Amino acid sequence: MKTPNIGLFGFGCVGQGLYDVLNHSLNDIGQIKKICVKNKDKKRPLPLDRFTFDKDEILNEPEIDTVVELIDDFEEAYRIVRTALENGKNVVTANKKMLAHHLPELQDLSVRKNVSFLYEASACGSIPIIRLLEEYYDNEPLQYIGGIFNGTTNYILTKTSLQGLSYEQALKEAQEKGFAESNPENDVEGWDALFKTVILSYHALGTVIDFRATPRLGITTLSPKETEFAKQRGYRIRLLAYAGAHSEKSYISFVLPVFVDAHSPLFDTNFEFNGVVTEGRFTSRQFLKGKGAGGHPTGSAVLSDLSALRYGYKYEFKKKKFSNWEESPNYLLHVYIRTGSGSDFADAYLTEKDEFIQDRQNKIYLGWITYENLKKLVPVLKKEKGFLALIGEPWNWEKKDNEKWFNLKRIKELQLI
Ligand code: HSE
């Protein structure tokens, strides 16, 4: 077993978290030889000789065999990671935006160079979901992966609804605690959760979803109307990320607000906790919950990757051969749509309408919408400052047209149709 010699890029919340967890780890997991940072004037908790401002001091240093990339700028992160892999170094990264843009290419490069390329910390913080998908579910077809993948929005939603904080106060706290991205728009507009969905669906389903074409709505246009609706019907509001297969060749994916009821495991997934739900053909439904943001929980995921490097661990992407899926345009989703009282465009997008509520300011529609129409409606709603949320999670919907892929297969196997 070889203990890595580490070159660390970035010494922010996660970098310092890693430094702490390495110092308190049960075994010798590796030595940080150099830390590369950008800002020369910033006061830091370690002596100056631990730092460099020149990335080549790490990338071209033969003694350093492992690069840990924990910086904010995703384009610079890509250049660092690519060069490190090209130079034959193992790489551990937490940069979900960079991975969502470049994952297959960087994975191919790591295979060509025969080095490890690990990124457990990029999705859902302390929940060891990527390793689980790779090692435990490696041979089992999965129907979907979904849940709460962003700590900041969940913190805001919990603090505002359970403790009465304003949106601004809750966001400020999430920033102070180091949960939020340096540009928190990435959190509250749903981008961060979407980038994590790209990473997790690659490992869970084998497919690289196109995040630019994925329906995405954050929590910025949530209004007191939704809080009132949730209270009246016993719901809580969460931001749901999801990628799921609906036939052997088709899938849907999205990041959207959702009303969940008390039976949902996401109902009591509060504050910066994340929750992942997945369903295997043999295991059936499973739920994992843990801290999804913060220096120490995320640092612990990096530590676990470094520990795995000591015995040469690499992801194998066993699901990759099931790629090339297409979107499922006719899949039906159960939705709540709010528009201004003067707008009447939303109705036309629905396949079925269950309820209509109107007051002086708002029109609210409850009903079923096809995935194809959802994709068209979300940008219109954004422009009109309207709102949309799912009613319950897809794994709970009972809609005949949305027959579950596993059930259909099972029925065919049993020769019932
Ligand atoms: N901003 C992210 C979150 C950090 O709130 O979940 C962890 O990826």
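Residues numbered from 1 in each chain as written. Predicted model: local features only at pLDDT ≥ 70, side-chain atom pairs only at ≥ 80, totals over all residues. Heavy atoms only, no water.

A word on the layout of surface pockets. Taken as a whole, the largest pocket holds about 1,200 Å³ of empty space. Lining of the largest pocket is provided by 50 residues; of these, Leu70, Ile71, Asp72, Asp73 and Ser182 occupy positions nearest its centre. Sorting the residues of the lining of the largest pocket by element identifies helix H1 (13–23), helix H3 (74–86), helix H4 (96–113), helix H6 (151–162), helix H8 (185–188), helix H9 (191–204) and helix H11 (295–309) as the ones contributing at least two each. In the lining of the largest pocket, the residues fall into 18 nonpolar, 19 polar and 13 charged. When residues of the lining of the largest pocket are sorted by domain, at least three fall in each of domain 1 (5–122) and domain 2 (140–291 + 329–417). One number sums up the size of the second largest pocket: a volume of about 490 Å³. Lining the second largest pocket we find 18 residues, and of these Leu157, Thr160, Ser161, Thr227 and Ile237 sit closest to its centre. (1 Å grid on protein atoms, 1.4 Å probe; cavity = no way out; pocket = protein on both sides within 12 Å on 5 of 7 lines; lining within 4 Å. Points joined across faces, edges and corners; volume = space filled by probe spheres on them. Helix = DSSP H or I, 4+ residues; strand = E, 2+ residues; numbered from the N terminus. Nonpolar A, V, L, I, M, F, W, Y, C, P; charged D, E, K, R; others polar. Domains from an automatic or database assignment.)

Turning next to empty space enclosed by the protein. Under the defined criterion, the tally for this structure stands at one cavity of 30 Å³ or more. Here the largest cavity defines a volume of roughly 40 Å³. Around the largest cavity, the lining residues are Leu133, Glu134, Asp138, Tyr202, His203, Phe317, Lys318, Lys319 and Lys320. Going through the elements one at a time, helix H5 (129–135) and H9 are the ones with two or more residues in the lining of the largest cavity. A breakdown of the residues in the lining of the largest cavity according to their chemical character gives three nonpolar, one polar and five charged.

Inspection of the secondary structure assignment puts Lys376 in helix H12 (residues 371–384). Separated by 161 residues in sequence, Lys376 and Pro215 place their C-alpha atoms 8.7 Å apart.

Taken domain by domain, the protein consists of domain 1 (5–122) and domain 2 (140–291 + 329–417). Once you take the C-alpha centre of each, domain 1 and domain 2 turn out to be 33 Å apart. For the pair domain 1 and domain 2, the summed buried surface comes to about 1,100 Å²; carbon and sulfur atoms form 64% of the total. Here domain 1 is connected to domain 2 by two salt bridges. With a closest N to O distance of 2.9 Å, Glu181 and Lys96 form a salt bridge. For the pair domain 1 and domain 2, the interface holds five residue pairs in polar contact (both at pLDDT 80 or more). The element contributing the most residues to the side of domain 1 that touches domain 2 is H4, with eight residues. Per-class residue counts for the side of domain 1 that touches domain 2 are six nonpolar, three polar and three charged. (Buried area = accessible area lost by both parts, 1.4 Å probe. Salt bridge = Lys/Arg side-chain N within 4 Å of Asp/Glu carboxyl O. Polar contact = N/O pair within 3.5 Å; in protein donor to acceptor, adjacent residues only side chain to side chain.)

Moving on to the pattern of salt bridges. Across all of its chains, the model carries 20 salt bridges by this definition. For Asp305, the salt bridge is made with Arg131, and the minimal N-O distance between the two is 3.5 Å. Remark: Arg131 occurs in helix H5 and Asp305 occurs in helix H11; sequence separation between them is 174 residues. Residue Arg131 is classed as buried on the basis of its relative accessible area, which comes to 17%. Two residues, Lys225 and Asp359, come together in a salt bridge whose shortest N-O distance is 2.7 Å. A residue pair is termed long-range when its members are at least 10 positions apart, and Lys225 in helix H10 (residues 224–233) and Asp359 in the loop between strand S14 (350–358) and strand S15 (362–370) qualify at 134 residues. A relative accessible area of 18% means that Lys225 is categorised as buried. For Asp359, a relative accessible area of 28% gives the class partly exposed. (Buried < 20%, exposed > 50% of the residue type's maximum accessible area, 1.4 Å probe, protein only.)

With that out of the way, let us pick up the environment of Asn114. Here Asn114 lies in the loop between H4 and strand S6 (117–118). In this structure, the C-alpha to C-alpha distance between Asn114 and Ala301, residues 187 residues apart in sequence, is 22 Å.

With their axes 7 Å apart at the nearest point, H1 and H11 run at an angle of 60° to one another. The chirality of how H1 crosses H11 is right-handed. Within the contact between the two elements, H1 uses Cys13, Val14, Gly17, Leu18, Asp20, Val21 and Leu22 and H11 uses Gly295, His296, Thr298, Gly299, Ser300, Val302, Leu303 and Leu306. For the contact of H1 with H11, the residue count by class is eight nonpolar, six polar and one charged. (Axes fitted to C-alpha atoms, helices over the stretch in contact; angles between N-to-C directions. Left-handed = near helix turned anticlockwise from the far one by under 90°. Contact = heavy atoms within 4.5 Å.)

The next subject is the site of the ligand. Inspection of the region around the ligand gives Lys96, Asn150, Gly151, Thr152, Phe179, Ala180, Glu181, Asp187, Asp192, Lys196, Gly292 and Ala293 as its neighbouring residues. Lys96 is positioned such that a nitrogen or oxygen atom in its side chain is 2.6 Å from an oxygen atom of the ligand. The separation between a nitrogen atom of the ligand and a polar side-chain atom of Asp187 is 2.8 Å. For the ligand, whose accessible area on its own is 260 Å², the fraction buried by protein is 93%. One can see that the ligand is located within the largest pocket. Only H6 and H9 provide two or more residues apiece to the shell around the ligand. (Near = heavy atom within 4 Å. Areas by Shrake-Rupley, 256 points an atom, 1.4 Å probe, with all protein chains shown as cover. Sits in = over half its atoms within 2 Å of the grid points.)

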